[in-house]
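Each chain is listed here by its residues.
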Amino acid sequence: MIQRLTLISHAPTAATRAAAFPLDEGIDEKARRDTSALSGDLPQFLNAWTSPARRAVETAAALNVDAKIEPLIRDMDLGRWSGRTFADVEASEPEAMVGWLTDTAASPHGGESVEALLARVANWLRAAPESQGRSVAVTHPAVIRAAVVVALEANPVSFWRVDIAPLGVVELGSNGKRWTLKSLNG
């Protein structure tokens, strides 16, 4: 069975624009307009999922995608760093930041490690319906990066070498046994 999975990163938010670790914020009007403009370019999907985060749910709605909430594609839990800027965390906890960026098992923020995120996304990809056709998931850059690493069976440190922008799109394909990267427009 051939399956195509389109992963779409949520639209920009105030946290995205401030280079901050996200909270559960929504998308603004400019992001909503930009997202709506993309909706006509999307194919029809047999299955559609969204992260439970407000920014993902609002992005799916702006794309006219009727998606079911899927907890396994929620954003990476960044613990006490949530809502803080990258620069602030880097200035106040430099060793913790370096540790997080170099050790994929580390979670100095008290949240989820990269390895835990990779395992969660791998479980979701294994459980994704094995039906022919197209599916879509509106989720987060970290989840999409993890999906790429899992599909490529890459070293976990490769997570830091994949960049996904707001409204970035990644296409994966599956033959029912393994996932492959079809395209990356991130």
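These remarks concern the structure in this document. (Residues numbered from 1 in each chain as written. Predicted model: local features only at pLDDT ≥ 70, side-chain atom pairs only at ≥ 80, totals over all residues. Heavy atoms only, no water.)

### Description of the pairing of strand β1 (residues 3-9)
- When you tally the buried positions in β1, you get six out of seven residues, the bulk of the element.
- Here β1 runs beside strand β4 (residues 133-139); their pairing, made up of seven bridges, is parallel. Note that in β4 the partner of Ile8 across the bridge is Val138.
- In this structure, β1 lies alongside strand β5 (residues 169-174), joined through six bridges in antiparallel fashion. Residue Ile8 lies in a different strand from β5, and its bridge partner there is Val169. (Buried < 20%, exposed > 50% of the residue type's maximum accessible area, 1.4 Å probe, protein only. Helix = DSSP H or I, 4+ residues; strand = E, 2+ residues; numbered from the N terminus. Pairing = 2+ DSSP bridges.)

### A look at the nonpolar core
- Leu5, Leu7, Leu117, Trp124, Leu125 and Leu172 are the most contacted members of the largest nonpolar core, which has 34 residues in total.
- The greatest single-element share of this core, amounting to eight residues, is contributed by helix α7 (residues 141-152).
- Once residues within four sequence positions are removed from consideration, Leu125 is found in contact with Leu5, Ala147, Val150, Leu172 and Trp179.
- In terms of nonpolar packing, the next biggest core, distinct from the first, is built from nine residues, Ile8, Phe45, Val65 and Val138 among them. (Core = buried A, V, L, I, M, F, W, Y, C linked by side-chain atoms within 4.5 Å. Contact = heavy atoms within 4.5 Å.)

### A look at helix α3 (residues 54-62)
- Of the residues making up α3, those classed as buried are Arg55, Ala56, Glu58, Thr59, Ala60 and Ala62.
- Looking at the buried positions of α3, the neighbouring elements they touch are β1, α2 (29-38), β2 (47-50) and β4.
- Backbone geometry just after α3 places Asn64 at a positive phi near 60 degrees.

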